[in-house]
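Overview (structure and organization)
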Amino acid sequence: MGLLILLTSTLLCSYFHPGTVVDAQRLFTLREITLTIEPSNDVTRGTNVTLRCKASVSSSEPGLRREYTIYKDNNLIYNKTSILEEILYPLGEARVANSGKYRCEINIDNKPQKPSQAMKLTVSGLSKPQLHLNKFEVKEGEEVTATCTAPGETGSFYFYIYEDSNEIKEKQVSSNQAEFKLRFSSVNTRRIHCTYTILIPPDSVKSEESNNVNVSVEELPITIHLDINPENDVYEGDQLNILCKVINSEHSHESVRLLLIQGTQILRSGVTNVSHSMVAQANDPEEFECKLEMGNVVKTATKRISVIELFSVPTLTMSPAEVFQEEDMTLTCKTEHYASERIRKDELIYTLDPPQTRDRKGVFSRKSLSFESIYTCVAEARGIRKRSKTLTVRPKVLVSRPKISVVGRAVLGQPVKILCQSDSGSLPINYTLFKGPSEVRTISIKLRFQQALFEVNITEPEDIKKYICNASNSHRHNHNHSEELNATLIVPPSHAVLMVVPDFREIYEGQHLYLLCRVDGTPPVTFKWYHVGNNLPLYTNTSNEDNSRYEVPSVSKEHSGRYYCEAFNHANKVVRSEQVTITVQMVLWKKALIGGFCLLAVSVLVVVCVLCFRSKRGKRDGAAELSVKPSSPKSDDSLTVTLTHDTEVYNADKVIMDSGAAVSVWTKRPPEEDVAIDEESSMVTKEPDVEYTEVVHPRPVDPARGAADYHDYHGSVEYAELNGEQPEISHYHPEVNNFQDLPMPVD
């Protein structure tokens, strides 16, 4: 803990006093710095303007020294160190040059502080400029000094000198005065004035005009003389003698220059006189000028000479107007008129270039070249040569034999585009389409990118070979025919037929099935086969023949249904066949097998039925249940006797009682019921029907059992066939019971 306190105190001491005394470091803070322009930000010229910079500072000690800096447009204009809270910077009588943006900055203990907000000062109004000349009367070319002053202004200036209203000179200076050197070359009285502009980036301010000063310019006593001989009736070829000279020249020859000029060409130059001889030419400029230059003084003398043409400029023509390669042509060089009073017509000699062939009549015959050539001709007489304008001969190329073709595809019954085109030939070329001997149409091709494209409608297949075309680019050569049009005419498909192999009425499972589709039309033909119920084709094939097939290697029941085919070729017309219904039949061995199984099943069913019936009847005939009840109603005992065919009484239908009377144990049916039953029973079996009844026999009393069992009986029932023998049956019958309690036989 003590070590931490020691380190903290050491750091604090080093911060507050790097030397020896802690409180020697002065503390301060700048609260605010402002710059104000007095009396206003917008003033007129001559107003006393003062800039006030004020800095509010809080410090630990009084008398803190502060360094104030004032800037104008980012340029330092004033700096002062003071302990006061504000300083004043007087601009004095403000000028336009004082306009700009001002700001103030403060530096305390070499620590810059934030600057004040920039303030803009605008000073309006410039003083009127003043112009002074050192001379008011001068001779031609004499120098004059002009001084333009902007009284009381400061800044960067542009001064301008005007002659009347035209600016003649300008100068940029940093002072309020500019000096100009002026010379006047023409005799006259000149009015001079000046203006100035002060630059205040990014703008400038222009002053009003100065006072006007008049300058009188006197002419120098110098005369220029120009003489041309002859001066009238001058013909081409005449000799001209020209003299140019200066009269009464009092100046030194060092500053004088004399020039003889024709048009823009300087013929001769000298000091005091110039002479020149030449042959007159009709096409030369007509004006001659004698010009004296002496300093900035210029004096001239001019004359015009009209030269009569000895003969006109020749013209070169060609006949015929258009010529083909290696074809005869005639070039004629001719002048339209000549001066008959000076020369004869036969004096004119004509020359063709190239080649250098001369002829007095100016007619030149030759063959045209195979390429473009340029010719000129020259007419010459008495030393005068005149050249014609150039003649460019462009031999035409005879059109080559045209080629005829079809653009795109030719479809029967649809518009067909036929192109006629030659490999070479000069434009324009006229292409004519013929159908047999009949002209269809003519197209004129004048540009390279154009094509002779004819549109026709072909309705018969044989018509396509009847078309030819003719190409011509000359009236003299008009027999250039193409070959007959050789193109494939696409006949749209029609009459689509779908055939089935084998016959669709005799198709069995496992067989190969072929669906043949055929159309009338131009191959290649694209065929598609469809199974009704499925939108997608089963198979698609493009054939170069008018038919194609779809094969099913092994048909089954699933292939039954309706089928059709579609076909189309380059004519883009789709035709569809009629639908064909296919029924896939079962093979014979399957039919036999199913029939055998069916017969076997029926047989088994019959056997089962017969056995069931026999079993049911045997049970009915071989067993019967009889319930023997006691004579006394108080006993619940019963006797059940089962009779079979083996019993003795099976064939008996009567019971012999003790009394000797025979009692039937069967209930007789009515005759009509027997007939119905017999008919029904005869459909199943011929065995007689048997009916059963119940017979109750009394049992003797067992003395051992006592009275309680007195009413128990034991009886037996025997059956016999109704129509068989009736054996005698004897039973033990107790005397006590006279069978009065026996129930009546029931059905």
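For the structure, check the block above.
As the structure is a prediction and not an experimental result, all values here were calculated from the model. (Residues numbered from 1 in each chain as written. Predicted model: local features only at pLDDT ≥ 70, side-chain atom pairs only at ≥ 80, totals over all residues. Heavy atoms only, no water.)

Some thoughts on the overall build of the protein
Across its full length, the protein holds 3 helices and 55 strands. Within the protein, the proportion of its 747 residues that are buried is 35%. Pairs at least 24 residues apart make up 60% of the contacts formed inside the protein by residues separated by at least 6 positions. Counting only carbon and sulfur atoms, one obtains 50% of the accessible surface of the protein, whose full area is about 44,800 Å². (Helix = DSSP H or I, 4+ residues; strand = E, 2+ residues; numbered from the N terminus. Buried < 20%, exposed > 50% of the residue type's maximum accessible area, 1.4 Å probe, protein only. Contact = heavy atoms within 4.5 Å. Areas by Shrake-Rupley, 256 points an atom, 1.4 Å probe, with all protein chains shown as cover.)

Structural notes on the pairing of strand β40 (residues 438-445)
With 7 bridges connecting them, strand β39 (residues 429-435) and β40 associate as antiparallel partners. From the neighbouring strand, Ile429 faces β40, where its bridge partner is Ile445. Here β39 folds back onto β40 in antiparallel fashion, the turn holding 2 residues, of which Gly436 has a positive phi close to 65°. (Pairing = 2+ DSSP bridges.)

What to know about the sheet that holds strand β22 (residues 256-262)
Pairing in this open sheet of 4 strands is antiparallel, and the strands run β23-β22-β25-β26 from one edge to the other. Since the sheet does not close on itself, it has two edges, and those belong to β23 (265-270) and β26 (297-304), each with one partner. Taken over all neighbouring pairs, the strand axes of this sheet differ in orientation by 20° on average, direction set aside. Relative to β26, strand β25 (residues 287-294) runs antiparallel, the two sharing 8 bridges. (Axes fitted to C-alpha atoms, helices over the stretch in contact; angles between N-to-C directions.)

As for the pattern of salt bridges
Under the definition given, this model contains 34 salt bridges. Among the ionic pairs, Asp238 bridges to Arg342, the shortest N-O distance being 3.2 Å. Taken together, the positions of Asp238 in the loop between β20 (234-235) and β21 (239-247) and Arg342 in the loop between β29 (328-334) and β30 (349-353) put the pair 104 residues apart, joining distant regions of the chain. When salt bridges that share partners are traced, they join Arg344, Asp346, Glu347 and Arg382 into one network. (Salt bridge = Lys/Arg side-chain N within 4 Å of Asp/Glu carboxyl O.)

A word on empty space enclosed by the protein
Throughout the structure, instances matching the rule amount to 5 cavities of 30 Å³ or more. Reported here for the second largest cavity is a volume of approximately 70 Å³. In this structure, the second largest cavity is lined by Leu240, Gln262, Met278, Ala280, Gln281, Ala282, Asp284, Pro285, Glu286, Phe288, Ile305 and Val307. Across the lining of the second largest cavity, the residue classes tally to 8 nonpolar, 2 polar and 2 charged. (1 Å grid on protein atoms, 1.4 Å probe; cavity = no way out; pocket = protein on both sides within 12 Å on 5 of 7 lines; lining within 4 Å. Points joined across faces, edges and corners; volume = space filled by probe spheres on them. Nonpolar A, V, L, I, M, F, W, Y, C, P; charged D, E, K, R; others polar.)

Some remarks on the packing of aromatic side chains
By the definition in use, this model includes 10 aromatic pairs. Between Tyr158 and Tyr160, the aromatic rings sit 6.4 Å apart at their centres with planes inclined by 20°, giving stacked as the arrangement. A relative accessible area of 23% means that Tyr158 is categorised as partly exposed. Take Tyr160: its relative accessible area is 15%, and that puts it in the buried class. Here Trp529 and Tyr550 contribute two aromatic rings whose centre-to-centre distance is 6.2 Å and whose plane-to-plane angle is 35°, an arrangement assigned as tilted. Highlighted residues: Trp529 in strand β47 (residues 525-531) and Tyr550 in strand β49 (residues 547-552), separated in sequence by 21 residues. The exposure class assigned to Tyr550 is buried, which follows from its relative accessible area of 17%. Members of the aromatic cluster, each reached through a chain of ring pairs, are Phe527, Trp529, Tyr539 and Tyr550. (Phe/Tyr/Trp six-rings, centres within 6.5 Å; stacked < 30°, edge-to-face > 60°.)

Observations concerning the environment of Thr315
By secondary structure assignment, the location of Thr315 is in strand β28 (residues 315-319). For Thr315, a relative accessible area of 36% puts it in the partly exposed group. For the pair Thr315 and Thr335, spaced 20 residues apart in sequence, the C-alpha separation works out to 6.4 Å. Ignoring any residue separated from it by four or fewer positions in sequence, one finds Thr315 in contact with Thr332, Cys333, Lys334, Glu336, Cys377 and Ser388.

Quick word on the sheet that holds strand β46 (residues 513-520)
With antiparallel pairing, the 3 strands of this open sheet are ordered in space as β44-β46-β49. At either margin of the open sheet sits one strand with a lone partner, and together these are β44 (494-501) and β49. Each neighbouring strand pair of the sheet contributes to a mean axis angle of 15°, computed without reference to strand direction. Looking at chain direction, β44 and β46 are connected through 6 bridges and run antiparallel.

What to know about a nonpolar patch on the surface
A cluster of nonpolar side chains, namely Trp589, Leu593, Phe597, Leu600, Val604 and Val608, defines an oily patch on the protein surface of about 620 Å² accessible area. The residue Val604 is located in helix α2 (residues 588-622) in this model. (Patch = residues over 30% accessible without salt bridge, like charges linked within 9 Å, V, L, I, M, F, W, Y side chains within 5 Å.)

Considerations on the state of the cysteines
In total, this model carries 5 disulfides according to the counting rule given. The disulfide partner of Cys244 is Cys290, and the gap between their sulfur atoms is 1.4 Å. Given an S-S torsion of about 50°, the disulfide between Cys244 and Cys290 has right-handed geometry. With Cys244 in strand β21 and Cys290 in strand β25, this residue pair connects regions lying 46 residues apart in the sequence. Take Cys244: its relative accessible area is 0%, and that puts it in the buried class. Residue Cys290 is classed as buried on the basis of its relative accessible area, which comes to 0%. Covalent S-S linkage joins Cys333 and Cys377, the inter-sulfur distance amounting to 1.9 Å. Given an S-S torsion of about 70°, the disulfide between Cys333 and Cys377 has right-handed geometry. A residue pair is termed long-range when its members are at least 10 positions apart, and Cys333 in strand β29 and Cys377 in strand β33 (residues 373-381) qualify at 44 residues. As far as the burial class goes, Cys333 and Cys377 line up, both buried. (Disulfide = S-S within 2.5 Å.)

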